[in-house]
Amino acid sequence: MNGRPAATGQAAVDQLLEVLDLDHTGSMTFRGVSPSVGPQRVFGGQVAGQALVAAGRTVDPDRFVHSLHGYFVRPGDPAEPIDYQVENVRDGRSFSVRRSVALQHDKPIFFMSASFQRQEEALEHQAPTPPDVPGPDDVPTMSDRLARYPERLGIWGQIPRPIDVRYVGEPGWVRPGDRPADPHQRVWMRIDGKLPDDPLLHACALTYASDLTLLDSVLSVHGEVWGPGGLVGASLDHALWFHRSFRADEWFLYDCWSPSASGARGLATGRLFTLDGRHIASAVQEGLLRRVGA
């Protein structure tokens, strides 16, 4: 850490846009970098978002991503660039499928399949939104919550925060004993600034955000926390389905819960809703969870 305060707002969003703006190194190859200040390992949402950028840049812009499925196979080194190799699996009349592999030192750290579809109209329905959830202006901001836990400022005080995250309940980074058990974890999120109008960029930003809190819903069931006195974890895979158009720089509710945990693995699923109740995406993730010191 370099001691400088964390970038927030549009400054942090601009840094995120730089991270998602890959260098085109060949017809189907790209290169990305990590933020200059960050955790010891590459954040999973970053590598997934970059992999989607790489895949999407090889697809007709009239086709929009509707699903992605990825596996995290090695920890990424944030000090090293990440190379992305894209394979054109198929271009059909309605769908395009790509496989995007992230490599460091010639070894895969993440691979993903993504499918893109031209716009079509047919049946339309969605499940109801969660009832009685307070809005983003009625729950504490991240700064409000951090003020209660000054020991966390050493971590959160320097990492750029391009996403405005507002927990409806207690987050997983509070002190042990401060978190009541809750079968759901609900979080309001939005990119904390303005994004360009490119739909692919909004999908990549949502992919980035979707990895921030999803696995924490496994701990929420038990009232558990991350770190000393709690657990450590790592994402094993990540899947995301995009249902309707959206802007990632407008508020969305991330409603997450965990249907199962066993064998040091936890499964988490989530639905994402706009402020006006439109179901825009669904996510599923499995993660490795171990007691600290185990």
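Residues numbered from 1 in each chain as written. Predicted model: local features only at pLDDT ≥ 70, side-chain atom pairs only at ≥ 80, totals over all residues. Heavy atoms only, no water.

An unreviewed UniProt entry lists the protein chain under the name Acyl-CoA thioesterase II, from Micromonospora antibiotica.

Helix and strand content of the protein chain: six helices and 12 strands. On C-alpha atoms alone, the protein chain measures out to a radius of gyration of 18 Å, which is about the 19 Å that the 2.2 N^0.38 rule sets for 294 residues. Along the three orthogonal principal directions, the C-alpha set of the protein chain runs to about 55 × 45 × 40 Å. Once local pairs closer than 6 in sequence are excluded, the contacts in the protein chain between residues at least 24 apart make up 72%. When the accessible surface of the protein chain is split by element, carbon and sulfur atoms take 51% of a total near 14,300 Å². Between the centroid of the 29 positive side chains of the protein chain and the centroid of its 36 negative side chains there is a distance of 4 Å. (Helix = DSSP H or I, 4+ residues; strand = E, 2+ residues; numbered from the N terminus. Rg over C-alpha atoms; globule rule 2.2 N^0.38 Å. Contact = heavy atoms within 4.5 Å. Areas by Shrake-Rupley, 256 points an atom, 1.4 Å probe, with all protein chains shown as cover. Lys, Arg positive; Asp, Glu negative; His and termini not counted. Charge placed at Lys NZ, Arg CZ, Asp CG, Glu CD.)

In this structure, Ala261 sits in strand β10 (residues 252-262). Look at Ala261 and you get partly exposed, because its relative accessible area is 43%. Taking the C-alpha atoms as reference, Ala261 lies 30 Å from Ile191; in sequence the two are 70 residues apart. (Buried < 20%, exposed > 50% of the residue type's maximum accessible area, 1.4 Å probe, protein only.)

Our next topic: the UniProt feature "domain: Acyl-CoA thioesterase 2 C-terminal" (unreviewed entry) in the protein chain. In the numbering used here, UniProt assigns the feature "domain: Acyl-CoA thioesterase 2 C-terminal" (unreviewed entry) to residues 177-288. Along residues 177-288 one finds 17% helix and 46% strand; the C-alpha atoms at either end are 22 Å apart. (UniProt positions renumbered as here; feature names shortened; annotations may be inferred.)

With that out of the way, let us pick up helix α2 (residues 44-56). In a regular helix each residue adds 1.5 Å, so 13 residues correspond to 18 Å; α2 covers 18 Å between its end C-alpha atoms and thus fits that length. The element α2 is largely enclosed, with a buried count of 13 among its 13 residues. (Expected span 1.5 Å × (residues − 1).)

A word on the pattern of salt bridges. Summed over the entire model, instances satisfying the criterion amount to 16 salt bridges. Taking the shortest distance from any N to any O, the salt bridge between Arg247 and Asp197 comes out at 2.9 Å. Here Arg247, found in the loop between β9 (231-242) and β10, pairs with Asp197, found in the loop between β8 (184-191) and α5 (199-210); they are 50 residues apart in sequence, far enough to count as distant. Classification of Asp197 as exposed rests on a relative accessible area of 60%. (Salt bridge = Lys/Arg side-chain N within 4 Å of Asp/Glu carboxyl O.)

Taken as a whole, the second largest pocket spans an internal volume of roughly 1,100 Å³. Taken together, 38 residues make up the lining of the second largest pocket; nearest its centre are Phe64, Val65, Gln119, His243 and Ser245. Listing elements by their share of the lining of the second largest pocket, those giving two or more residues are α1 (9-20), α2, β3 (63-72), β6 (107-118) and α5. Ranked by the residues each element gives to the lining of the second largest pocket, the list is headed by α5, at six residues. Taken together, the residues of the lining of the second largest pocket sort by class into 17 nonpolar, nine polar and 12 charged. (1 Å grid on protein atoms, 1.4 Å probe; cavity = no way out; pocket = protein on both sides within 12 Å on 5 of 7 lines; lining within 4 Å. Points joined across faces, edges and corners; volume = space filled by probe spheres on them. Nonpolar A, V, L, I, M, F, W, Y, C, P; charged D, E, K, R; others polar.)

Relative to β6, β3 runs antiparallel, the two sharing nine bridges. By the bridge assignment for β6, Val65 is matched with Phe116. (Pairing = 2+ DSSP bridges.)

Take the sheet that holds β9 next. Across the sheet, which stays open at both edges, the 12 strands sit in the order β1-β2-β4-β5-β6-β3-β9-β12-β11-β10-β8-β7 with antiparallel pairing between neighbours. Sheet topology places β1 (23-26) and β7 (163-167) at the edges, where each strand pairs with a single neighbour. For this sheet, the mean angle separating the axes of adjacent strands, direction not counted, is 25°. The pairing of β8 with β10 spans six bridges and is antiparallel. Following the sheet pairing, Met189 is matched in β10 by Phe252. Sitting on the sheet, α2 touches β2 (29-32), β3, β4 (82-91), β5 (95-104) and β6, and the angle it makes with β6 is about 50°. (Axes fitted to C-alpha atoms, helices over the stretch in contact; angles between N-to-C directions.)

Moving on, we get to the packing of α1 against α5. For the pair α1 and α5, interaxial distance at closest approach is 11 Å and the crossing angle is 105°. Overall, the two elements α1 and α5 adopt an arrangement that is roughly perpendicular. For the pair α1 and α5, the contacting residues are Leu16, Leu17 and Leu20 in the first and Leu201, Cys204, Ala205 and Tyr208 in the second. Classifying every residue of the contact of α1 with α5 by side-chain character gives seven nonpolar, no polar and no charged. (Parallel < 35°, antiparallel > 145°, perpendicular 65-115°, else oblique.)

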